[in-house]
Every structure is written in C-alpha cells, then in structure tokens.
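Observations on chain architecture
The primary structure of each chain is shown beneath.
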Amino acid sequence: DMQRLVTVKPPGGDESKFMNLMEDLTSHERPWKTWYDLEMPEASPLPLGYSDKLDNFEKMLVLKCFRPDRITIAVEEFVSHGMGDEFIQPPVINYANIFKQSSPGSPVVFILSPGADPSFDVFKLADNMGFSARIKNIALGQGQGVIAAQALETGATRGLWVLLQNCHLLPSWLKTLEKILEKMDKPHKDFRLWLTTDPTPKFPLGILQKSLKVVTEPPNGLRLNMKNTFEKITEDELSSCPHYAFRPLVYVLAFFHAVVQERRKYGKIGWNVPYDFNESDFRVCMQLLNTYLTKAFINKDENIPWGSLRYLVGEAMYGGRVTDDIDRRILNTYLDEYMGDFLFDKFQPFHFYKNEEVDYSVPLSGHRELYAETITHLPRINTPEVFGLHPNAEITYLSNDTSKLFVDMLELQPRTGSGGSGISREDYIKNIALDVQSRVPEPFDLVIVRKSIGGTPGPTQVVLLQELAHWNRLVEFMDFQLKELQKALAGEIGMSNDLDDVASNLFNGQLPPLWRGYAPPTEKKLASWMVHFERRLRQYSRWVDEGEPSVIWLSGLHIPETYLAALVQTTCRERKWPLDKSTLYTKVTKYTDPEQITDHPSSGCYVTGLFLEGAAWDHKRMKLKRQEPKQLVQELPILQVIPIEAHKLKLNHTFRTPVYVTQARRNAMGVGLVFEADLDTDEHRSHWVLQGVALSLNIDT
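Residues numbered from 1 in each chain as written. Predicted model: local features only at pLDDT ≥ 70, side-chain atom pairs only at ≥ 80, totals over all residues. Heavy atoms only, no water.

Turning to the pattern of salt bridges, a few remarks are in order. With the rule as written, the count across this model stands at 31 salt bridges. Residue K17 pairs with E58 through a salt bridge whose shortest N-O separation is 3.1 Å. On the criterion of sequence distance, the pair formed by K17 in the loop between helix 1 (2–5) and helix 2 (21–27) and E58 in helix 5 (residues 56–66) is long-range, its members being 41 residues apart. Classification of K17 as partly exposed rests on a relative accessible area of 32%. (Salt bridge = Lys/Arg side-chain N within 4 Å of Asp/Glu carboxyl O. Helix = DSSP H or I, 4+ residues; strand = E, 2+ residues; numbered from the N terminus. Buried < 20%, exposed > 50% of the residue type's maximum accessible area, 1.4 Å probe, protein only.)

Estimates place the volume of the second largest pocket at around 430 Å³. Along the walls of the second largest pocket sit 17 residues, with R542, P549, V551, P594 and E595 positioned nearest its centre. Where the lining of the second largest pocket is concerned, the elements lending two or more residues are helix 25 (526–546) and strand 8 (551–553). In terms of residue count, helix 25 provides more of the lining of the second largest pocket than any other element does, five residues in total. Of the residues assigned to the lining of the second largest pocket, the class counts are five nonpolar, five polar and seven charged. (1 Å grid on protein atoms, 1.4 Å probe; cavity = no way out; pocket = protein on both sides within 12 Å on 5 of 7 lines; lining within 4 Å. Points joined across faces, edges and corners; volume = space filled by probe spheres on them. Nonpolar A, V, L, I, M, F, W, Y, C, P; charged D, E, K, R; others polar.)

Below, the discussion takes up empty space enclosed by the protein. Under the criterion given, the structure shown has two cavities of 30 Å³ or more. Here the largest cavity defines a volume of roughly 80 Å³. Taken together, 15 residues form the lining of the largest cavity, with I326, I330, R665, V689 and G692 sitting closest to its centre. Of all the secondary structure elements, the ones that give two or more residues to the lining of the largest cavity are helix 17 (325–338) and helix 27 (685–691). With four residues, helix 17 is the largest single contributor of residues to the lining of the largest cavity. Residue composition of the lining of the largest cavity, by class: eight nonpolar, three polar and four charged.

Moving on to the packing of aromatic side chains. Counting across every chain of the model gives 36 aromatic pairs. Taking the centre distance of 5.7 Å and the plane angle of 35° together, the rings of Y334 and Y338 count as tilted. Placement of both Y334 and Y338 in helix 17 is noted, with a separation of four residues, approximately one turn of the helix. Here the two residues Y334 and Y338 agree in accessibility, since each one is buried. When the centroid spacing of 6.4 Å and the interplanar angle of 90° are considered together, the rings of Y591 and Y606 count as edge-to-face. (Phe/Tyr/Trp six-rings, centres within 6.5 Å; stacked < 30°, edge-to-face > 60°.)

Let us now look at the side chain of T589. With respect to the secondary-structure elements, T589 resides in the loop between strand 9 (582–588) and strand 10 (605–608). Polar side-chain contacts of T589 include one of 3.2 Å to the backbone nitrogen of Y591. Of note is the side chain of T589, whose polar atom sits 2.6 Å from the backbone oxygen of I638. Look past the residues within four positions of T589 in its chain and what remains in contact with it is Y606, M622, P637, I638 and Q640. (Polar contact = N/O pair within 3.5 Å; in protein donor to acceptor, adjacent residues only side chain to side chain. Contact = heavy atoms within 4.5 Å.)

Of all seven residues in strand 16 (residues 654–660), five are buried; the element is thus mostly enclosed. Summarising the sheet, strand 16 and strand 17 (residues 673–680) pair through seven bridges and their orientation is antiparallel. Its bridge partner lying in strand 17, R656 is registered against D678. Judged from the two bridges that link them, strand 16 and strand 18 (residues 694–696) form a sheet pairing that is parallel. Each residue of the ladder has a partner; that of Y660, found in strand 18, is S696. (Pairing = 2+ DSSP bridges.)

Our next topic: the packing of helix 12 (residues 222–230) against helix 18 (residues 368–376). Running from amino to carboxyl end, helix 12 crosses helix 18 at an angle of 160°, the nearest separation of the two axes being 9 Å. Looking at the two axes, helix 12 sits roughly antiparallel to helix 18. Here helix 12 and helix 18 pass one another in a crossing that is left-handed. Contacts from R223, M226, K227 and F230 of helix 12 reach helix 18 at R368, Y371, I375 and T376. Partitioning the contact of helix 12 with helix 18 into residue classes produces four nonpolar, one polar and three charged. (Axes fitted to C-alpha atoms, helices over the stretch in contact; angles between N-to-C directions. Parallel < 35°, antiparallel > 145°, perpendicular 65-115°, else oblique. Left-handed = near helix turned anticlockwise from the far one by under 90°.)

This next bit is on a negative patch on the surface. Side chains of E76, E77, D85 and E86 sit close together on the surface and give a patch of like negative charge. Mapped onto the fold, E77 is located in helix 6 (residues 71–83). Judged by its relative accessible area of 51%, E77 falls in the exposed class. (Patch = residues over 30% accessible without salt bridge, like charges linked within 9 Å, V, L, I, M, F, W, Y side chains within 5 Å. Areas by Shrake-Rupley, 256 points an atom, 1.4 Å probe, with all protein chains shown as cover. Lys, Arg positive; Asp, Glu negative; His and termini not counted. Charge placed at Lys NZ, Arg CZ, Asp CG, Glu CD.)

Below you can see the structure in the form of structure tokens.
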C-alpha cells in the first residue's frame, strides 16, 4: 500500500506529497514506531510534520498503510468533521412522535437490527394512550397467516392496534398482506398496523412505499445498553420482591444482558453465531428472579437457588437462542462468574472488572436511582477486557470492519476503466486469467493412483483417493471457466452471468464464488489463495509419489475431518479397540518445522499449519499465555494427534480448544469445526473461554 501511495499525485499537481514517505520512514523509524504503537493514532499528529502538509483525507491514506484497523474510526471522524455528527449517530426513537406521523392507512415498519426489540416500547405506548386492551400481538410463523388476516379485519373495523412481529419469517404471506392493505377502504381512525422485520429482499415494495419506516438499533456501548435497560425498570418493579438479593441481581442481570449483546460486535472471537438477545429475554429472566427469590423469602430459605437460576437463564432463556456448543460454554461461563454467593461477600467485594482507571462493581442495595446513577458513572467507551476478551480483540473487529468497507467500495467502483496499470479492464482481466491458468495443473489419474496402492486401500488411502477426486473437480472447473472467459473476452462467445462474475472477482482480486464451491472453505483473497492452492498440489503429489506424509498439513485437505477419523479407524483395527469408544487427544510438540520430523508416529499423526487466535503459545513453558499487543494470530508448533480409548483419557490443566477450518469459525448450521485440541495451561479454563481462544487451519492472509 505504501509503495502505491508514494506515487499518488494531487489533482493538477506535479509532485506527490508522499514521495519522501518511504525514505522518512527508514531514516526516522523511532517516531513512526511510537506513532504506530499509539492506541488511537488517528487522533495524534503524524510524525515529521506530515500533519501540517496533508489534509484530513490524505492523513487517512497514511493511516491505512500503518494501522488499517483504525480506518473506520477515522472515516467517522472525517464525516463528522465535514458533515456533522447527525450523519454518524443514530437518532433516539420517540414512539409518541412515530404515532403522530402514522395514519390508519399507513403501516409502521420497524426494520430490526440484531438485539433490537421494539415490541416492549409499542406496548408501553399503547398503555400510555389507553390502548393496552385494544392491541393484538401476533408473532408470524407457519400457519399464522390466516390468524393475522382475521386480526387485520377486526382491527380495521373496530379501531384496534395490530402488531405483526417477525414478518421476515413468513415471506410467502406478505404478498397477501399487501393485497389486504390495498383493499382496505376507510379503516377506523384509531386503527394502526405495526410490523417488525429483519432486512430481507422478500419484503413487498408496495408495503414499504406506503409505510412509515423506522430503523431500530440497540444502544452502542455497555453504559448506553445498561442505561436503556434500567430506564424501563420502575421502583415498583424492584419493590415487588422482598428478598434482599433481588435488586443487586437485577443489576447483575442487566450487566450480563449488556455484555452478551456487546460481545457480538467482536465478530467470531465474540460469538460463533450472532444471536439476537433482546429485551424480552431480560424481562422474562427478571420475572424468574422475582419468582424464585420471593419463594425463598416466604420459605425463609437462606440459600439462594443459584443452580436453578443459572440453568434457567443460561440454558432455557438466553441459552434457548444459542445453537453452538462453544457459544453455550461462553454463556454459562459468564453466569458462573456473575452469579453466586460471592456477590455478597463483604470481605472480598465482587467486581465484574477492575483496573487502575475503572471499577465495574455491584451496588448491593438501594433505591432504583442508586443503580441508575451508578450506570451514568460508567465509562462511555469500554475496553474488551470488561467482557473477558484481550485488548487485541478490538483490533480484530475493527480490521474486519475495514476489510468490509473496502470490499464494498470495490463493488461500487465503475465496471469500466483501467486495472491500475494503464491497460483496459478487459486486458487486465485477461492477464490475470492467463496467469492463473498457467498455474492450474493437469488432474491426477485416479486409475494409476489406485493401481499404485495395490490391494484393498486402508482408511487413510481411501481418504487420499477422495481428496484427489475433489481436487480434480476443482482444477477441471477452473480450467474450463478460464478458457471460456478468455473466449468471451475475445468476443468468440457471449459473456454469461457466471463468466461475468468470475471476471469481476478476478479484477477485484477476489476468489470467484463459483470456485469456492469446489474448494475447501476459505476467507483468502485470490493471490493468497493461489499460494494455498499450489501448496495443496505439492502435498498431494508428495503423498501419491512417496506415501503418507510424516507431517500432515490439514489445511490442504478438502475434508480434514475424514483424515482424522481414518486415523482413529486405523488404530482401532490394529489394536482391536471398539471404534465408538475411541477418541483423540493432542499434545503440542517442540517441533516448529516439518523437516525436523522424519518418522511416522506409531499411531495418529503430526499436524502442521495450525494458527492460534485469542491466546499465544509460550515455547519455553509449553503452555498457553496471554497475547502480545497487536499480535492477533500465532502459528502453533507442530501438534501430535493421538488416538486413544476414551475411558483412559485423563487430562488435567488443559484447555479444550476448538479447531476450525478458517477464522470464520463455525456458522449457524454448525459447519466449520474440525476437532478439539488439548492445550496445556496454568490459567483457569474460564479465562480462555471468555478470551475466545481457538485454532484455525488457515488464516485470511
């Protein structure tokens, strides 16, 4: 990026302002390093007087080269400075004003963002306006269309409010809703239709055109989130339970609610799946606290039923939304850390998080205003450490935001023009296609490979044959599409949608989505993916020519899980173990280079190319340790994978670490987890659970 930046010239200018940047960096490394290490470099002057000769946009170009993770924040400041804060801050929603702008013939459509739930505020507005008994609430889903149509007819006739939630879950019925609204003639003056929906392309345009559209966003930041929660809690609600622990536990629950929502912004290191925890979850859990603590008070039971409360909150209510086992482990760890008799220990006061600057603690008892005032004194901006994450987690999520910003900008650029080197777009694409095609090999001859194996192939040899079949499909498809693309660019055949998509992705340096369907999951861009592609070829070729590698590169396999399963199967056959009672455990070796290992292990395998995220590896002590600042990912030494009978596995001081194919980890369908590795540690497992520690077979770069 910097090499390209030094060539940038101002409009109408003859000399680049950045022409001496590389030289200044090498000759004055210390001030640049000091600026680079700042927590917020975008708010500090550039070294060597560059701030004086560059405008705000040009400063962002320099920032992009050094600290791309801070670009989105710098862009916000740039927009705020040039256009005003109203363009970067979402407005506060006033439901009374929304009602004034609405009409019987104009629905109000709430377009939801994760964690937002306007239903409580709609009910509160109805209560304030005397409509609490005249509102019909229907959560749309399978079979609810007929009921909703009847409610609309009744509401339009009698002047009721109708709230239809989650319209995106019943897109097939929305066309019917559109027709009902078109035929609705002179509805009652008190009739109002409220709709909630996630963003979806299936929402009818006709409804959107005639509706009042409201975008709801959850509060950004721990303090604003807790403030938003407590503003809707009255003193009467807090007084409804006589138990001494109820008020503090409502505050703890509000903190927990804010934490699980805010953790989502850290991407995959926060949650594998972004869950829509909302106010309904909090409200029901608050009622559960009231019920159980009131019962304990009446029965004069001194023991609080912590086990029941943690189960109901972590498994039934909030946990009811969680589909991923690793995410459920995080959720339950928070509850183990936040709920217990230690909350009321007078000798060791409880703190959610505490350092020299801030103290997140629990006010033990008092009026509602005491809790509200405590919340107002919380920091506006909170470090990831409050959630149990490493400060590096912020760099990760900001870097992901920056990557998405630039991908979107690439998608918006004109589809004509040069590729950056003075040649036309078509010639640029043609050159890329020729370069990629020159690196696509001939498919493996599976007949010859089978003959070379001889006899009945073993489990790992079956895996090899399956892998080569996947590989052949990939290279044949790539070769076909690249040849067709070159014909289309030359005008010999028409440019189909598929070929146009391939051309656009090659131009933008992205891996074409059609190719992804034939390759192992990856987040890499085209250039780094081609390096990965060629390394896969070398491993397959060596496996075919020399036999099974002594050290396997799992990232190079199309389906790595099958190879690990084959290892267990092979060992079970040799040692006559029952397959269903055997498993794997792992041990990190001191080897860092596959060349250091020459012999196959007696059972299992050695694995190279694993990347540790959320923690670092101490090579001297051979244990997990905290990450160094700005070191987001570290390659793990070679890992030994050992099959074992499950009943013999006794591990202490280890952390069960999930191993994923990519840094995208696991999706909502559970795809992406390969196995779980055992890493030695001196820390309690909860520390690494909340840090989001995981291993990946390949990283984005």
